[in-house]
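# Structural features, examined
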Amino acid sequence: MGEQFKRPIHETEIINLVLNALPFSGCLLSPTGELLFANESGRRVYEEVRSSFLSSQYWMDLLQSKTIVGHTFSVGDSKYVLSGAPVRLAGELFGIMAVFGDYSVYRSVFHDELQSYQTTIHDLQTIFDNSYDVLYVSDGEGRTLRASNACEILWGKKPEELVGRTVYELEREGVYRPSATRLALERGEKVQVIQQTKTGRRLMVVSTPIRDVHGKITRVVNASRDITEIHELEEELKQMKALIEGYRQQLYEAQNKERNRQHKLVFHSKVMSDLSSTLVKVAMVDSTVLITGESGVGKEVIANFIHQYSPRSSNPFIKVNCAAIPESLLESELFGYEQGTFTGANRHGKAGLFELAHKGTLFLDEIGDMPLSLQAKLLRVLQDGEVRRIGGSSPRLIDVRIIAATNQNLERRIQEGLFRKDLYYRLNVIPISIPPLRDRVEDIFPLVQHFSDLYSRQFHKRITISNEVIQVFERYNWPGNVRELQNVIERMIVTTEDSEIQPRHIPSYILSGASAHSSTSIDTHSSGDDITVRNIVPLKRAVQIVESELLKIAVQKCSTLQQVARLLEVDPSTISRKLSKYQSMGIVQLPDSE
């Protein structure tokens, strides 16, 4: 028997012997689909499936050097498990090795395992094809096994042009330099390098060696990321940061201007000028301030002004209306509470407004309405500079400036037993009293201009306010003070379609109030030429007062315009024009023209 192996055996015989020894249908096909070698069952199966197989996607994948393992392939009623791989000779595609297994046998024995392998292969292929980083796998000798499809973009080579070639060859050709795989194999450890490619790109490459159970490197996996544009991006980023910084500075300046505009005091009267000077001085210290004045005079604006001009301006300004929050909630809002204090409350506890205003200013509006029980706790805060949360055992130090405000008479509240005297003295360190608008008529004109500009910008309108409207406003009593004036101007700008607001646009109750209110720095008498001036008033306003009073007296005495004109010794057209003006202001009524 040993003698027969001494004769030469042709390679073809060996291939046939190997194929015939296989327990399944095996075929070696040429790239054109011609049957080169096959065992008996393989020949039979291939004759059956040839047409379908050569026109299938599987055949196209095999020609593109893809490996197929355990795919189901059906022809008519026959079903096979197909595996295949390209066969290369000297780097060229020599043929395709295809194996057709009996599906029923595979299913009963290897179905679950094959399914797992297919999933794994699919996942790996998906990772290779979709990874943001380009993946490159070599064996322990540096021979390329796989590469992502995106490698053509980075290295100018398709995957099939890299597979089978060593990294040493590719490095010598300048496809990439240096070779991260080579460095990982030489050092025996993970390396990270900046790689320059033949296509002019710069890559950040991380090369990781994989070892078997014996510690031998069997694979090297590279992840390559294109960083060609990073330098340009860094430069752009620097420029962008410089631009943003410039914009930030401009925004900061604009915000400062806007903040100054919003919190500036608008006035023309001497009393407010003196008050403004006092406020600037008060802002620079931390003394407690008590602001008093009627409702609507601008107590919150004054508090804001003090904060914005103080060293605390970059820290919080927190306002709390003591009359608007129920007594049951006001304590927890001001002082906060520890965890577990209330059912349904924040389980981590909550900081109170005193803590939130640390290093800043806390504005206690309507302080006169604060419950007596909380007045005692507020007094302790002012005395000790610390707060204790509800349910807490230890105090917390705070640094807060207190500004309080009220429209009530606190001294009367003290007499009534509704306000603590000791708290009043603690709050009233620097008293600030804001006069009502009716006592500073000179401020009406600048306030009207201010609110007119404000709402014209807000509502994208270009509306002016006539002098006649200003004159009506100056005769009105303004029980709601600046807030009422602001609301009236907003209402007129919103509802007026004309470009200028005239007396006819003024709410009727203001016209009636202005007509009924007599301004009275000037007395006029219906008999003789006796006019008494008791105080300095603007000349324009004085002329208006005298004119309107003379017209009212003349209209009462006369029944026609001609009679009024003769009595006042002026032209009838002048009387008609002036009567129309004062009628629109609600001051006089026109007599009959006849």
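Residues numbered from 1 in each chain as written. Predicted model: local features only at pLDDT ≥ 70, side-chain atom pairs only at ≥ 80, totals over all residues. Heavy atoms only, no water.

### Describing the packing of helix α10 (residues 270-283) against helix α11 (residues 299-308)
Put simply, the rule reads: Working convention: axes come from line fits to C-alpha atoms, limited for helices to the stretch in contact. Angles between N-to-C directions cover 0 to 180 degrees. Helix and strand assignments come from DSSP, with helices taken as H or I runs of at least 4 residues and strands as E runs of at least 2, each series counted from the N terminus. Angle categories are assigned with fixed cut-offs, so that under 35 degrees is roughly parallel, over 145 is roughly antiparallel, 65 to 115 is roughly perpendicular, and the rest are oblique. Handedness of a crossing follows from how the near helix is turned relative to the far one, being left-handed for an anticlockwise turn of less than a right angle and right-handed for a clockwise one. Residue contacts are defined here by distance: any two heavy atoms, one from each residue, within 4.5 Å place the two residues in contact.
Contact geometry for α10 and α11: axes closest at 8 Å, N-to-C directions at 50°. With respect to α11, the element α10 is oriented oblique. At the point where α10 passes α11, the crossing takes the right-handed sense. For the pair α10 and α11, contact is made by Ser276, Leu279, Val280 and Ala283 and by Ile302, Phe305 and Ile306, respectively.

### Quick look at helix α17 (residues 444-458)
To keep things clear, this is the line we draw: Residue count minus one, scaled by 1.5 Å, sets the expected span of a helix. For every residue, the accessible area (1.4 Å probe, protein chains only) is compared with the maximum for its type, and the residue is labelled buried under 20%, exposed over 50%, or partly exposed between those bounds.
Between its first and last C-alpha atoms α17 spans 21 Å; for 15 residues at 1.5 Å apiece the expected length is 21 Å, and the two agree. Among all positions of α17, only Ile444, Pro446, Leu447, Val448, His450, Phe451, Ser452, Tyr455 and Ser456 are buried. The positive-phi residue at the C-terminal boundary of α17 is His460, with phi of around 55°.

### Here's the deal with the sheet that holds strand β12 (residues 289-292)
Short version of the rule: Two strands make a pair as long as DSSP finds a minimum of two bridges between them.
An order of β13-β16-β19-β12-β20 is seen for the five strands of this open sheet, with the pairing classed as parallel. Where the open sheet ends on each side, the last strands, each with one partner, are β13 (317-321) and β20 (430-433). Averaged over all pairs of adjacent strands, the angle between their axes in this sheet comes to 20°, without regard to strand direction. Bridge count for β13 against strand β16 (residues 361-365) is five bridges, and the pairing is parallel. By the bridge assignment, Val320 is partnered in β16 with Leu364.

### With respect to the side chain of Thr496
Heads up, the condition is: Counted as a polar contact is a pair of N or O atoms within 3.5 Å, where, for protein atoms, one must be capable of donating a hydrogen and the other of accepting one, and residues adjacent in sequence contribute only when both atoms are in side chains.
As for its position among the elements, Thr496 is in the loop between α19 (481-495) and β22 (500-501). By relative accessible area, Thr496 is classed as buried at 4%. For Thr496, the side chain forms a polar contact with the main-chain oxygen of Met492, separated by 2.5 Å. Among residues more than four places away in sequence, those in contact with Thr496 are Lys461, Ile463, Ile501 and His505.

Any functional reading would require information that these geometric values do not contain.
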